[in-house]
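Overview (structure and organization)
Here are the chains, one letter per residue:
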Amino acid sequence: MPNQPPADFRGTIHALVARHGRGARADSVALVHRSRRVTYRQLDGMVVRVAAGLRRSGVREGDFVGVRLPRSPEAVAAMLGVMSAGAAYVPIDPADPPERTRHVIATAGIEVIVTAANLPQDATTLAASALMLPEGCDPVTTATSVTRDGAGYGPDTPYLTAPDLTLADLIPAAESGFLALDLVAPDLYEPDLYEPDLYEHDRDVAAGGVQVGGVEVGDGQAAYAVFTSGSTGTPKGAVMTHAALVNLLRWHERVRPGHGRLRTAQLCALSFDFAFHEIFSTLCGGGTLVIADDETRHSPHGLAGFLREERIERVFAPVTLLEHLARAVTETETSDGLRLREVVTTGEQLRLTRPLRDLFRRLPGARLHNHYGATEFQDATAWTLAGDPDEWPAVAPIGRPIDGVRVHLVDDHLAEVAPGAVGELCVAGAGLARGYLGQPELTARKFVPNPFGPGRLYRTGDLALRRPDGVLEHLGRTDTQLKVHGVRVEAGEIEALLLGHPQVRAAVVLAAEIDGQRRLVAHVVLGAGLDPGTAPRQLDAFLARALPRPMLPTAYAFPSAFPLTSSGKTDRGQLAAVRGGFHLPFDGPEAKAEAEGDLAPDPGPGLDTAPDRRDLVAAQVRRSVVRVLGRTPAPDTDLFSLGLDSLSAILLRRALQDALRCELGQEDIFRYPTENALTGRVVHLLERGSERL
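Residues numbered from 1 in each chain as written. Predicted model: local features only at pLDDT ≥ 70, side-chain atom pairs only at ≥ 80, totals over all residues. Heavy atoms only, no water.

1. Observations regarding the overall build of the chain
Each helix and strand counted, the chain has 21 helices and 31 strands in total. Entry remark: accessible area of the chain is about 28,500 Å², with carbon and sulfur atoms responsible for 50%. (Helix = DSSP H or I, 4+ residues; strand = E, 2+ residues; numbered from the N terminus. Areas by Shrake-Rupley, 256 points an atom, 1.4 Å probe, with all protein chains shown as cover.)

In structure tokens form, the structure reads like this:
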């Protein structure tokens, strides 16, 4: 096979990184954070010290250890140290609310958390012991006798602490006391302090496992558990093995050889599974990882400056962050100084907007890689966009399966759908997680027996089709579909059209309860050229060119920006929680004036003197009915039999009231449910003089 990765690119994650700390790249820079530079040799020493501290604290093979640290070299060393100790790391965002942190600790059975002394240690961490890491994970240089009454215990001795406990309570010791040793770097070991059973790292990588610190870490062992939001609101923790992750890294190295050596930005939250890509595809490949501060990564313009100043060549960014970055770069007159060669994105459907195309026009030779993955299987497929951005499709496909992964498109009965048909995308093979921690029923429901071969099949809930050339196209989620008047609607199609409007910066279409009915609501971030007062009618008219009336949003919401999850994705859950403040397409005379130019002429204020008043009113009634229902009924057909309901009746009344300037009551729509009846009612109101046209 071409571009085959090196033969030793196998085993476990931490062993693949450790080989650089003891090899030819030992003095190369592994990590950059602000002014700090950490070489692979220094990183290796940090990892050794963390692993030894964990082993002394009682952490054993198969345990889950929390890593509650800001994004820093110490956080990277902690993740590697946990794996080196034979355990699996569980990233815990320091910004997470206490309730979520407690849930993660309890569900994973975490007894030790690696954290920093400068982080607030509130009540959420009391359920676990804390291994405090100073900068560099540096140990003390002298041994201190610690007795069970706490004598000799202080800030300069060990850095393993727990509520109401001394070090002697946490680490097995002699009856009256013990020697508390913190590790120094391997090249500083003194023979009398060297304990091979605790500290020695055997760097030989074998197919079945790696001997590390006296613990044989098999490639089938858990490497980490990442908690992601569940559909019930309770976070669920997916457990990923070394074998699945190394399979991903081997694929990276095969299809993009040498890209792990590129200078790569670390932008993602550690609790986002995509962070694994940017961190370990770089460190396992021997490259340099540059960690951006939180303030920088949350500011698109600040991030653009960071990429220039740090000479970043490769970036991993969720779609939303990438879109913001593209706008920030293209809003400036020049992209001079940007050295981006490889951009990898994931998390949401990739729509190739104008800002994204403009960005890559300024980056000749750069490639955009669209990865399809999830917490439960990391990456399953990938597609690369290169060449002229003007030739790119409106929506990027998700490509073909990566090495060792199989993708099936199935119907409700798990039977493969016909070629070209839409089906639920399911994943099997090397990349699957073990399942969810502490949730056997959910695991059994999502990870089902594979009807197409050995192992299990993960049901993603995503819809896709396979083109004749084998390329997969992502079509949205099964749970974003909704029926309106018996018509199945896919929100992603509406979002794509909205993003085609030159003054729409971002769009999400969701279902919401309005007036007791499930309706489509478009959440839109407007550009400078659209005003919220007139935008609903303008966007309604814009969408009506391509969509039938049942697929048009019933209401609009106009936030200044979309909320984001900690992983940088659009937080659809927060948007779905919005219950009011919606703008309706028929919501006032100002909106009316903006979006009616392509329809029949407005009868106008002179209608009251026209001899054919009834005909003109009838024309306006028909015009309004067509706009609301999306169809032209017979004059005596009951409009409610055609799909008019309480909400669309409100829209119809507003449309008629705005156009004809008469005081039509809401009850009139129900009492006069046909076009002819409504026409007669409006004419009666006008002739009675209740409101002049």
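There's plenty left to go through after this.
2. Here we look at the nonpolar core
One finds Leu43, Leu54 and Phe280 to be the most contacted residues of the largest nonpolar core, which totals 78 residues. Ranked by the residues each element gives to this core, the list is headed by helix α3 (residues 73-84), at eight residues. With near-sequence residues (within four places) excluded, leucine 43 lies in contact with Val17, Ala30, Leu31, Val38, Ala77, Leu80 and Leu283. Core analysis: the second largest hydrophobic core is formed by 32 residues, Ile312, Ala326, Leu340 and Phe360 among them. (Core = buried A, V, L, I, M, F, W, Y, C linked by side-chain atoms within 4.5 Å. Buried < 20%, exposed > 50% of the residue type's maximum accessible area, 1.4 Å probe, protein only. Contact = heavy atoms within 4.5 Å.)

3. A word on the packing of aromatic side chains
Any pair of aromatic rings gets described here by the distance separating the centres and the angle formed by the planes. All told, the structure shown has 11 aromatic pairs when counted by the stated rule. With 5.9 Å between their ring centres and 50° between their planes, phenylalanine 272 and phenylalanine 274 make a pair best called tilted. Of the two residues, phenylalanine 272 and phenylalanine 274, both sit in the buried class. Ring pairing ties together the aromatic residues Tyr372, Phe377, Tyr436, Phe447 and Tyr458, which thus form one cluster. When the ring centre of tryptophan 383 is taken as reference, the NZ or CZ atom of arginine 467 above it lies at 5.9 Å. (Phe/Tyr/Trp six-rings, centres within 6.5 Å; stacked < 30°, edge-to-face > 60°. Lys NZ or Arg CZ within 6 Å of the ring centre and 35° of its normal.)

4. Some thoughts on the side chain of glutamate 675
Tracing the backbone through its elements, the reader meets glutamate 675 in helix α21 (residues 675-687). Apart from residues no more than four positions distant in its own chain, glutamate 675 is found in contact with Val621, Arg622, Val625, Pro633 and Pro635.

5. Observations regarding helix α10 (residues 300-309)
Inspection of α10 places Leu303, Ala304, Gly305, Phe306 and Leu307 among the buried residues, and these make up the whole buried set. Backbone geometry just downstream of α10 places arginine 311 in the positive-phi region, at approximately 55°.

6. Considering the packing of helix α1 (residues 13-21) against α3
Axis separation between α1 and α3 bottoms out at 9 Å; the angle between their running directions is 115°. Relative to α3, α1 is oriented so that their crossing is left-handed. Between α1 and α3, the contacting residues are Ile13, His14 and Val17 on the first element and Leu80, Met83 and Ser84 on the second. When its residues are assigned to classes, the contact of α1 with α3 shows four nonpolar, two polar and no charged. (Axes fitted to C-alpha atoms, helices over the stretch in contact; angles between N-to-C directions. Left-handed = near helix turned anticlockwise from the far one by under 90°. Nonpolar A, V, L, I, M, F, W, Y, C, P; charged D, E, K, R; others polar.)

7. With respect to the pairing of strand β14 (residues 236-241)
Counted residue by residue, β14 has six buried out of six residues, so it is predominantly covered. Because side chains alternate across β14, one face comprises the buried residues Lys236, Ala238 and Met240, and the other comprises Gly237, Val239 and Thr241, equally buried. Where strand β13 (residues 222-228) meets β14, six bridges bridge the pair, whose relative direction is antiparallel. Following the sheet pairing, phenylalanine 227 is matched in β14 by glycine 237. (Pairing = 2+ DSSP bridges.)

8. Here we look at the environment of aspartate 469
Secondary-structure assignment places aspartate 469 in the loop between β25 (456-466) and β26 (472-477). It is 9.8 Å that separates the C-alpha atoms of aspartate 469 and arginine 400, two residues lying 69 residues apart in sequence.

9. Section: the packing of α3 against helix α8 (residues 274-283)
As a packed pair, α3 and α8 sit with axes 12 Å apart at the nearest point and diverge in direction by 75°. Regarding the angle of α3 to α8, the classification is roughly perpendicular. Within the contact between the two elements, α3 uses Val76, Met79, Leu80 and Met83 and α8 uses Ile279, Phe280 and Leu283. Considering only residue class, the contact of α3 with α8 consists of seven nonpolar, no polar and no charged. (Parallel < 35°, antiparallel > 145°, perpendicular 65-115°, else oblique.)

10. Looking at α21
Counted at 1.5 Å a residue, the expected span for α21 with its 13 residues is 18 Å, and the 18 Å between its end C-alpha atoms agrees. When α21 is considered as a whole, its buried residues turn out to be Glu675, Leu678, Thr679, Arg681, Val682, Val683, Leu685 and Leu686. (Expected span 1.5 Å × (residues − 1).)

11. Focus on the pattern of salt bridges
Counting across every chain of the model gives 22 salt bridges. For glutamate 135, the salt bridge goes to arginine 36, with nearest N and O atoms at 3.8 Å. Linking glutamate 135 in the loop between β6 (129-132) and β7 (144-147) with arginine 36 in strand β2 (residues 36-39), this pair joins segments that are 99 residues apart in sequence. Look at glutamate 135 and you get exposed, because its relative accessible area is 57%. One salt-bridge network, in which partners are shared between bridges, spans Arg36, Glu74 and Glu135. (Salt bridge = Lys/Arg side-chain N within 4 Å of Asp/Glu carboxyl O.)

12. What about the confidence of the model for the chain?
Of all residues in the chain, 76% have pLDDT values of 70 or greater, and the mean over the chain is 78. Strand β9 (residues 177-180) is the least confidently modelled element of the chain, averaging 25 in pLDDT, while strand β16 (residues 289-291) averages 98, the highest of any element. In the model, residues 140-215 has pLDDT below 50 throughout and makes 153 contacts with residues more than four positions away in sequence or in other chains. Contacts of residues 483-487 to residues separated by more than four positions or lying in other chains number 10 contacts, the stretch itself having pLDDT below 50. (pLDDT = per-residue confidence, 0-100.)

13. Structural notes on unusual backbone geometry
In most cases, non-glycine residues show a negative phi, while peptide bonds are predominantly trans. We note that arginine 311 has phi near 55°; this positive angle belongs to a residue other than glycine. Structurally, the position occupied by arginine 311 is in the loop between α10 and β17 (314-318). Classification of arginine 311 by relative accessible area gives partly exposed; the value is 36%. Positive phi, close to 65°, is recorded for leucine 414, a residue that is not glycine. Among the secondary structure elements, leucine 414 is positioned in the loop between β22 (405-410) and β23 (423-429).

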